[in-house]
Amino acid sequence: MTSAARRVAIVGGGAIGLMTAYHLAREGADVTVVDARRTGRGAAEVNAGWYCPGESAPVPGPGMVTKSLAWMLRRDSPLYIRPSASPEFTRFMYGMWRACTSQANLAGYRASLALARAADVGYADYRADGIDFELRSGGLLLAYRERENFDAHLATLGIAREHGLDPQVLVGDAVHEREPQLSEQVRGSIYFPHESYLDPNALMRGLHARLLELGATIIENAPLERVERDGSRVRRLVAGGRAIEADAYVLAAGAWSGRLARLFGAGVAAQVPVRPGKGYSVDVAPLVLRTCVNLADAKVAVTPLATRLRLAGTMEFGGLDERLDRVRVAAILAAPGRYFRDWQAPSPADLEPRAGLRPMTPDGLPVMGPLAGLDNAFVSGGHGMMGITFGPGAASVMTDLVLRERHNPVLDAFSPARFSRRRRAAGAVDQRLQGVR
């Protein structure tokens, strides 16, 4: 079957789902995108909009266990874990803490950089194809007030240099020469000159419009209800009361991917342990900055767009809810005052903060590839905070896999099978321990 004739159904209309659909459609596939609400919602609409390979190391890393235990006691901390007795939640957090090693973090960083490589050219191609969105170069500046955090990041820059990211370490006057808005409280910074940023809301709208121009079908407000299988093949989806038939199916439902994976089968669910990590963003009046800035100790991203300044940050592990926590929003609004000169926090009453759910995995890496026991179903999920950074690369390698059955070695680190292997190993340990008892 040729790619031009192949029908592909994609579950999820966020950043990864829309970009994957776009890559498939422009290669001639007959694409249907189905989403439980309108496209571009959730993490896609509230993220910082950064293309930032330099910041693509997995969330689990050295020292994260100690920090997270301290942060759990503060509702306004960069990381908040809402306690739960759910076995699924416990397994997820145990897996994340187990991944907090230098070896795992550095290996994950290398794999992430390989996946991110396509985005720089990818977004230029999107614009050349008529997708209209604000895209700016100028690099990414990481600002540090705490020397310990600054020194910890310096230790990882060797990998960034290997991949041609050219990180520049700035201290003293060099910090303020790079960004005059930073105050004297900033002790050091790291500048990645090749990073870019964009308006994520405009990108989502542009992808939606271009897909329609390419002949794709977009079905909104249609939650996935049922997956009908015939042995090892998915025959159809039922979403919003509507049957959707295709030759191949891609699960790209963001933070909901873990829950929806159960509809594909019990073995599939074990391979897609995606849970939500809630983040917040708030748009305020513009501030003149030379580029985007990471307030690194506070974990707040600052994006200077044409008509507004976007502040985004925090990570909250809990359930699938997008309720606002005003304490956490206030912490985001207060953070720039510790880094920028003369920052005046705007009144919360004049703002419209939003929350979105990032799709997180225990080891902090995406889960991409064929679904267990199915010949024509795939997953592209768990991209965490890196949907914009990973999106074009993920869409490209998944298009090769779905249309041409061509496996790109980049996918090796992100295989869904890695979670089945880990679960079997954990089960074997449990059995041995029970035998001892």
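Each remark here, short or long, concerns the structure printed above.
Described in the following lines is the structure provided in the data block. These figures come from a predicted structure and were not determined experimentally.

With that settled, consider helix α1 (residues 15-26). An ideal rise of 1.5 Å per residue puts 16 Å on twelve residues; α1 measures up with 17 Å between its terminal C-alpha atoms. Of all the twelve residues making up α1, eleven are buried; the element is thus mostly covered by neighbouring parts of the structure. Within the sequence span of α1, burial applies to Ala-15, Ile-16, Gly-17, Leu-18, Met-19, Thr-20, Ala-21, Tyr-22, His-23, Leu-24 and Ala-25. Gly-28 sits one or two residues past α1 and shows a positive phi near 100°.

What follows is about the nonpolar core. By size, the foremost hydrophobic cluster in this structure holds 70 residues, and its most contacted members are Val-8, Val-31, Tyr-123, Tyr-126, Leu-203 and Leu-207. It is helix α14 (residues 387-404) that provides the largest number of residues to this core, a total of nine residues. With near-sequence residues (within four places) excluded, Val-8 lies in contact with Leu-24, Ala-29, Asp-30, Val-31, Thr-32, Ala-246, Ala-248, Val-250, Val-402 and Leu-403.

In this section: the packing of aromatic side chains. Summed over the entire model, instances satisfying the criterion amount to five aromatic pairs. Their ring planes at 80° and their centres at 5.1 Å tell us that Tyr-22 and Tyr-126 sit as a pair that is edge-to-face. Taken together, the residues span a long stretch of sequence, with Tyr-22 in helix α1 and Tyr-126 in helix α6 (residues 119-128) at a distance of 104 residues. Each member of the pair, Tyr-22 as well as Tyr-126, is classed as buried. Within the aromatic cluster, the residues linked to one another by ring pairs are Tyr-22, Tyr-123, Tyr-126 and Phe-133. The side chain of Arg-145 reaches across the aromatic face of Tyr-339, ending 5.8 Å from its centre. Directly above the aromatic system of Tyr-191 lies the positively charged group of Arg-178, at a separation of 4.0 Å from the ring centroid.

A word on helix α5 (residues 102-116). Taking 1.5 Å as the rise per residue, α5 with 15 residues should run 21 Å; its terminal C-alpha atoms sit 21 Å apart, in good agreement. If you check which residues of α5 are buried, you get Asn-105, Gly-108, Tyr-109, Ala-111, Ser-112, Leu-113, Leu-115 and Ala-116. Buried-residue contacts for α5 involve β3 (50-51), α6, α8 (157-162), β20 (367-370) and α14.

Here we come to the side chain of Arg-310. Relative to the assigned elements, Arg-310 resides in strand β18 (residues 309-317). Here Glu-45 takes part through its backbone oxygen, which lies 3.1 Å from a polar atom of the side chain of Arg-310. For Arg-310, the side chain forms a polar contact with the side chain of Asn-201, separated by 3.1 Å.

This part covers the sheet that holds strand β11 (residues 224-230). What the three strands build is an open sheet, ordered β11-β12-β13; its pairing is antiparallel. Among the strands making up the open sheet, the edge pair consists of β11 and β13 (242-244). Neighbour to neighbour, the strand axes of the sheet diverge by 25° on average, direction disregarded. Inspection of the sheet shows β11 paired to strand β12 (residues 233-239) by six bridges, in the antiparallel sense. Looking at the pairing, Arg-229 lines up with Val-234 of β12.

A word on the sheet that holds strand β2 (residues 30-34). Strand order in this open sheet of six strands is β10-β2-β1-β14-β21-β20, and the pairing throughout is mixed. Looking at strand neighbours, the two that pair on one side only are β10 (217-219) and β20, the edges of this open sheet. Pairs of neighbouring strands in the sheet enclose a mean axial angle of 15°, with direction left out of account. Where strand β1 (residues 7-11) and β2 come together, five bridges link them in parallel fashion. Within the sheet, the bridge partner assigned to Ala-9 lies in β2 and is Thr-32.

Before going further, it helps to examine unusual backbone geometry. Of note in the backbone geometry, Asp-166 takes a positive phi value of approximately 55° without being a glycine. Assignment of secondary structure puts Asp-166 in the loop between α8 and β7 (168-171). The class of Asp-166 is partly exposed, set by a relative accessible area of 38%.

Turning next to the pairing of strand β21 (residues 377-381). With five of five residues buried, β21 is to be regarded as a mostly interior element. Every second residue of β21 is oriented toward a common face, with Ala-377, Val-379 and Gly-381 on one face and Phe-378 and Ser-380 on the other, all of them buried. Pairing geometry for strand β14 (residues 248-251) and β21, over three bridges, is parallel. When the sheet's bridge partners are listed, Leu-251 is paired in β21 with Val-379. Connecting β20 to the antiparallel partner β21 that follows it, the hairpin turn spans six residues, and Gly-373 within it adopts a positive phi of roughly 75°.

Quick notes on the rules
Residues numbered from 1 in each chain as written. Predicted model: local features only at pLDDT ≥ 70, side-chain atom pairs only at ≥ 80, totals over all residues. Heavy atoms only, no water. Helix = DSSP H or I, 4+ residues; strand = E, 2+ residues; numbered from the N terminus. Expected span 1.5 Å × (residues − 1). Buried < 20%, exposed > 50% of the residue type's maximum accessible area, 1.4 Å probe, protein only. Core = buried A, V, L, I, M, F, W, Y, C linked by side-chain atoms within 4.5 Å. Contact = heavy atoms within 4.5 Å. Phe/Tyr/Trp six-rings, centres within 6.5 Å; stacked < 30°, edge-to-face > 60°. Lys NZ or Arg CZ within 6 Å of the ring centre and 35° of its normal. Polar contact = N/O pair within 3.5 Å; in protein donor to acceptor, adjacent residues only side chain to side chain. Pairing = 2+ DSSP bridges. Axes fitted to C-alpha atoms, helices over the stretch in contact; angles between N-to-C directions.

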